[in-house]
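# Examination of the molecular architecture
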Amino acid sequence: MADDKKLTPRAEDFSAWYNEIVLRAELADYSPVRGCMVIRPSGYGIWERMQRALDDQFKATGHRNAYFPLFIPQSFLEKEAAHVEGFAPETAVVTHGGGKKLDEPLIVRPTSETIIYAMFAKWVQSYRDLPLLINQWANVVRWEMRTRLFLRTLEFLWQEGHTAHATHDEAEAETRKMLGVYRDFMEGWMAMPVVTGRKTDSERFAGALRTYSCEAMMQDNKALQAGTTHNLGQNFAKAFDLKFQAESGSIEYAWNTSWGVSTRLIGGLVMTHGDDIGLRVPPQLAPVEIVIVPIYKTDEERARVLEAADRIVQGFGAWEHREPGRLRVHVDARDGIKPGAKYFEWEMRGVPVRMEIGPRDLDKDQVVLVRRDTREKRPASLNTLAEDVAELLSRIQADMLIAARERREQHSIREPITYDRFRELMDGEGAFVYAGWCGDAECEAQIKADTKATIRVLPDEEFRSADAPKSCLRCGRPASAEAVWAKAY
RNA sequence: CGGGACGUAGCGCAGUCCGGUAGCGCACCUGAAUGGGGUUCAGGGGGUCGCGGGUUCGAAUCCCGCCGUCCCGACCA
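Report follows, based on the coordinates. The model shown is predicted, which means the values in this text are computed figures rather than measured ones.

Along its length, chain A carries 14 helices and 23 strands. Taking 23 Å as the expected radius of gyration for a compact globule of 489 residues, we find that chain A reaches 25 Å, a close match to that expectation. The proportion of buried residues among the 489 residues of chain A is 53%. With 66 positive and 74 negative side-chain charges, chain A shows a spacing of 2 Å between the two charge centroids.

Laid out in structure tokens, this is it:
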């Protein structure tokens with residue numbers, strides 16, 4: 001760990017503060033390859049829990065996992081016009097194999113629509129084969145110019161769902177359903193509140209009919225696009241000849257959807273919950289929910305305290321082999337490191353609850369519990385400890401979401417504001433600004449040029465203001481929709 | 001890809017202007033004491049100074065090229 005004891009103040013430089021947490025909490029590291037990242041065990045532990053929770057949800061909604069190739073023939077990408085236009089500039093291309101030049105270059109997948117729907121076309125003949133609901137966990141490559149740990153790397157690990165349906169409405173329902181799955185995960189597991197809604201044409205996925213997004217607010221008041229779902233219409237079905245015979249006997253093109261979230265979510269977690277001490281991990285995602293720090297002076301005390309810790313762990317179940325309903329506990333029995341040093345280390349890593357056990361506590365049949373989120377410290381009786389701790393953990397989970405949502409609402413502007421004030425806001429502290437939009441892409445582009453802010457989403461009904469805005473933020477013409485404006489990562 | 005800063009031990013840095021024995025703090029190893037919020041003392045290990053070329057008796061230091069990192073733009077999940 002580095003020499004200096006405090007983190008970079010986030011007010012001064014949010015980026016530096018973010019990097020500091022990611023590196024010091026050992027979530028990730030730079031790789032020898034430019035723009036790529038190594039996810040370290042403590043980061044991967046969080047990701048594994050995310051992955052399992054998401055995968056369970058995908059299964060529960062009828063999806064099955066499959067695996068498709070890393071390489072995509074260049075001609076596949078070119079079959080869908082908008083798709084190739086969107087992705088061609090950021091593809092990595094393999095031109096040689098076995099020491100020889102390839103007849104056709106292979107694209108390292110930036111996303112797998114093309115190769116997956118080419119396969120779907122083989123698998124689907126009848127309406128009875130639909131819906132086809134597939135998910136893939138894979139790494140993809142997008143040759144970004146500027147990279148950032150977790151948030152934008154050349155190669156990243158994600159999940160991409162791909163489905164085929166018989167009707168537009170069914171595909172649309174699937175697109176909305178998966179957006180809901182994402183939202184529930186981000187709020188329920190990550191304690192990261194999001195605003196959901198539809199993307200404007202300029203931010204729509206290359207090749208999609210409609211794109212929906214979950215947008216979270218980071219602590220510098222910028223937006224993070226945390227997950228997107230796309231109704232692809234029949235665009236890819238037509239490009240890859242994905243057809244089926246309907247009940248009526250007619251031959252029709254299928255309707256596709258795709259949706260994905262990535263390890264970017266870990267970055268979102270850091271930027272939502274990190275503080276100046278380090279990371280804060282919501283209990284649901286914490287590989288270790290409770291860390292026990294034993295306190296002792298003599299060998300006798302050490303034996304006594306560790307024995308008590310052991311009993312408590314037996315009561316909870318060891319975290320490496322957690323049974324459903326048990327708690328994930330770790331005893332930090334390292335000798336020669338003072339308790340204070342251990343406190344700082346585990347706080348940096350974001351473990352939700354710390355349990356201190358010393359001779360003075362055992363004399364009183366108690367331990368001391370410290371919450372990572374509020375740093376609140378209190379004694380707890382040994383008799384009811386398991387229930388007490390389980391209750392505390394679920395309260396922390398709930399409180400973290402509430403705190404994050406309150407913070408977001410404090411930095412959301414719903415009152416009508418002048419364009420000058422808007423520019424000032426985007427230039428300074430930032431915000432989610434709910435305001436009218438005339439629906440003109442040129443107006444949207446001009447605002448982006450002026451302020452770097454974009455329409456994050458045209459929000460879903462529950463996020464819309466009670467009084468619909470009447471005029472466009474910039475041009476003053478009648479508003480066709482309410483939009484959430486913000487600068488984004 | 002354009003502008004700026006930087007690359008020296010695992011991490012953070014000094015040394016570079018003005019060429020001449022590779023340094024500091026933390027971390028790590030050994031020993032002793034210590035132990036309820038970042039322990040102390042003593043001893044020790046660890047380096048092709050980002051890579052390649054050039055100038056020179058001699059290069060971390062000067063020159064050229066390349067690679068990488070960070071920040072600001074353009075692009076994007």
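Turning next to the packing of aromatic side chains. Tallied over the entire structure, the rule returns 16 aromatic pairs. Summarising the aromatic geometry, the rings of Tyr-182 and Trp-259 are spaced 6.4 Å apart at their centres and angled 70° between planes, so their arrangement reads as edge-to-face. In this pair, Tyr-182 is assigned in helix 6 (residues 168-188) and Trp-259 in strand 14 (residues 255-262), connecting sequence segments 77 residues apart. We note that Tyr-182, like Trp-259, is buried. Ring pairs connect the aromatic residues Trp-47, Phe-58, Trp-137, Tyr-182 and Trp-259, which therefore count as one cluster.

Under the criterion given, the structure shown has 37 salt bridges. One salt bridge connects Glu-187 with Arg-183, and the closest N-O pair in it is separated by 3.2 Å. You can see Glu-187 and its partner Arg-183 sitting in helix 6, four residues apart, about one turn around the helix. This pair shows no difference in class: Glu-187 is buried, exactly as Arg-183 is. Two residues, Glu-215 and Arg-456, come together in a salt bridge whose shortest N-O distance is 3.0 Å. Of the two residues, Glu-215 is situated in strand 10 (residues 210-217) and Arg-456 in strand 22 (residues 454-459); the sequence distance between them amounts to 241 residues. Classification of Glu-215 as buried rests on a relative accessible area of 0%.

Time to look at the sheet that holds strand 5 (residues 92-97). Here we have three strands laid out as an open sheet, ordered 4-6-5, and antiparallel in their pairing. Whereas interior strands pair on both sides, the edge strands pair on one side only; in this sheet they are strand 4 (71-73) and strand 5. Strand-to-strand twist of the sheet, defined as the mean angle between neighbouring strand axes without regard to direction, takes the value 45°. Summarising the sheet, strand 4 and strand 6 (residues 100-108) pair through three bridges and their orientation is antiparallel. Counted as the bridge partner of Ile-72 is Ile-107 from strand 6.

Around RNA strand B, the surrounding shell holds 45 residues, and the nearest of these are Arg-146, Arg-152, Phe-156, Arg-264 and Lys-452. Restricting attention to atoms of RNA strand B within 4 Å of the protein, one finds that 45% of them are sugar or phosphate atoms. Lys-297 is positioned with one of its backbone polar atoms (N or O) 3.4 Å from a base nitrogen of RNA strand B. Residue Glu-347 places a side-chain N or O atom 2.7 Å away from a base nitrogen belonging to RNA strand B. Contributions of two or more residues to the surface near RNA strand B are made by helix 1 (14-24), helix 10 (339-349), strand 17 (353-357) and helix 11 (359-363). Of all the elements, helix 10 adds the most residues to the surface near RNA strand B, at six residues. When its residues are assigned to classes, the surface near RNA strand B shows 16 nonpolar, nine polar and 20 charged.

Reading guide: rules and limits
Residue numbers here run from 1 along each chain, matching the order of that chain's written sequence. Going through the entries in the order they are written, you letter the chains from A and number the ligands from 1. With the structure being a predicted model, the display of local features is reserved for residues of pLDDT at least 70 and the display and counting of side-chain atom pairs for 80 or more, all residues being used for whole-chain, interface and lining totals. Hydrogen atoms and water are omitted, and side-chain values are computed over all heavy atoms in the structure. Under the DSSP-based scheme used, a helix requires at least four consecutive residues in state H or I and a strand at least two consecutive residues in state E, with every element numbered from the N terminus. For the radius of gyration, the atoms used are the C-alpha atoms, and the globule rule reads 2.2 Å times the number of residues raised to 0.38. The buried label applies to any residue whose accessible area, calculated with a 1.4 Å probe on protein chains only, is under 20% of its type's maximum; exposed applies above 50%, and partly exposed to all values in between. Only four residue types enter the charge count: Lys and Arg as positive, Asp and Glu as negative, with His and the chain ends excluded. Positions of charges follow a simple convention, taking NZ of Lys, CZ of Arg, CG of Asp or CD of Glu. For this analysis, a ring pair means two rings from Phe, Tyr or Trp (six-membered ring only for Trp) whose centres lie within 6.5 Å, classed as stacked if their planes differ by under 30 degrees, edge-to-face if by over 60, and tilted for the remaining angles. Whenever Lys or Arg places a side-chain nitrogen within 4 Å of a carboxyl oxygen from Asp or Glu, that contact is recorded as a salt bridge. In this description, strands pair whenever DSSP reports at least two bridges between them. Here an angle of 0 to 180 degrees is reported between the N-to-C directions of two axes, which are lines fitted to C-alpha atoms, with helices fitted over the stretch in contact. By convention in these notes, a residue is near a molecule or strand provided one of its non-hydrogen atoms lies within 4 Å of it. Polar contacts here mean pairs of N or O atoms no more than 3.5 Å apart (in protein, one a potential hydrogen donor and the other a potential acceptor; neighbouring residues in sequence count only if both atoms are side-chain atoms). Each residue gets one of three labels, nonpolar for Ala, Val, Leu, Ile, Met, Phe, Trp, Tyr, Cys and Pro, charged for Asp, Glu, Lys and Arg, and polar for the others, Gly among them.

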